[in-house]
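# Reading the structure
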Amino acid sequence: MPKKNETKLTERIVARSSMVSQILPRLRQDVVEGRWKPGERLIEPVLCEQFGVSRTPMRDALRVLESEGLVELIPHVGAVVTNPEAADISGTFDILAVLEATAAEKATRDRSPMFLAKLKKLVAKMDAAVNAGDAAAYIKVNDEFHRRIVIESGNPALIDIHEHLMWHVHRVRHATYRNLPFTKDTGRHHDELLALMEAGDAPGVFSAMRAHMLDVGRNVMSASGWHPDVEPSAEVA
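The sections below set out a description of the structure shown in this document. (Residues numbered from 1 in each chain as written. Predicted model: local features only at pLDDT ≥ 70, side-chain atom pairs only at ≥ 80, totals over all residues. Heavy atoms only, no water.)

### A closer look at the nonpolar core
To be explicit about the condition: In this description, a nonpolar core means a group of buried Ala, Val, Leu, Ile, Met, Phe, Trp, Tyr and Cys residues linked to one another through side-chain atoms lying within 4.5 Å. Only protein chains enter the accessibility calculation, which uses a 1.4 Å probe; a residue is then buried when its area is under 20% of its type maximum, exposed when over 50%, and partly exposed in between. A run of H or I in DSSP becomes a helix once it reaches four residues, and a run of E becomes a strand once it reaches two; helices and strands are each numbered from the N terminus. It only takes one pair of heavy atoms within 4.5 Å for two residues to be counted as in contact.
Ranked by size, the top nonpolar core spans 39 residues in total, and within it Phe93, Leu119, Phe145, Ile149 and Met197 carry the most contacts. Among the secondary structure elements, those contributing two or more residues to this core are α4 (86-110), α5 (113-132), α6 (135-152), α7 (156-175), α8 (188-199) and α9 (202-223). Take this core: its biggest share by element is nine residues, from α4. Setting aside its immediate chain neighbours within four residues, Ile149 contacts Glu100, Ala103, Ala104, Phe115, Leu119, Met197 and Met209.

### Some details on the side chain of Glu100
Here is the rule we go by: His is not counted, nor are the chain ends; Lys and Arg add positive charge and Asp and Glu add negative charge. Only one rule defines a salt bridge in this text: a Lys or Arg side-chain nitrogen within 4 Å of an Asp or Glu carboxyl oxygen. Within 3.5 Å is the distance limit for a polar contact, defined as a pair of N or O atoms, with the added protein rule that one can donate a hydrogen and the other accept it, and that residues adjacent in sequence qualify only through two side-chain atoms.
By secondary structure assignment, the location of Glu100 is in helix α4. No salt bridge is formed by the buried Glu100. Its closest oppositely charged neighbour is Arg147, at 8.4 Å. Polar contacts involving the side chain of Glu100 include one to the side chain of His162, which spans 2.8 Å. The residues touching Glu100, leaving out its near neighbours within four places in the chain, are His146, Ile149, Val150, His162, Met209 and Met213.

### Regarding the environment of Asp127
The residue Asp127 is located in helix α5 in this model. C-alpha of Asp127 to C-alpha of Gly187: the two residues are 60 residues apart in sequence and 7.1 Å apart in space.

Okay, here's the thing in structure tokens:
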């Protein structure tokens, strides 16, 4: 039976962990959506007041953001929002291309009827968003399409790495949203990917998904001004 002091300590740790899990998603979202600009310092007392928490859970949350590369904790300064670098984003898409290709290949080999039916509905929603010229709706459904494929892999390590990398993609894409190409051809790769999955062509899906993600990466880099010499295609995500 645990001692009284040990029980109280455990309760404090649990409460602190709970507070971190509550404020972390909002802090991350604020960084990703550009509430604070790169190089801007996050003032701890102000954040604590806004979120209604003490400094300890706030610092824990900021440490998580630092591990994700969204902020940098500088001695005697505090948390500072990082500035996305071209090499980092390019490298992120290189890794994402392999991760999603691997997940898509695995999902194709399994060919779950329920999974394929869900993807088919998402592709239909993306097509509808393209026809309506609604880029925001398209990107939201697109993210769900890719996320479903990653989860279908059933690989916890792959899923976790993918989630962390995607925060950097969301961040850059949010900043360049209006510069991304959006035409009637947008989303055609998803129709092709679905057709390959339904046909059970696992090697074909691997190649197609990798090419698709690298294409998206080039477009994001171009829209960000890092590759101005690259002519963007219709694949925004």
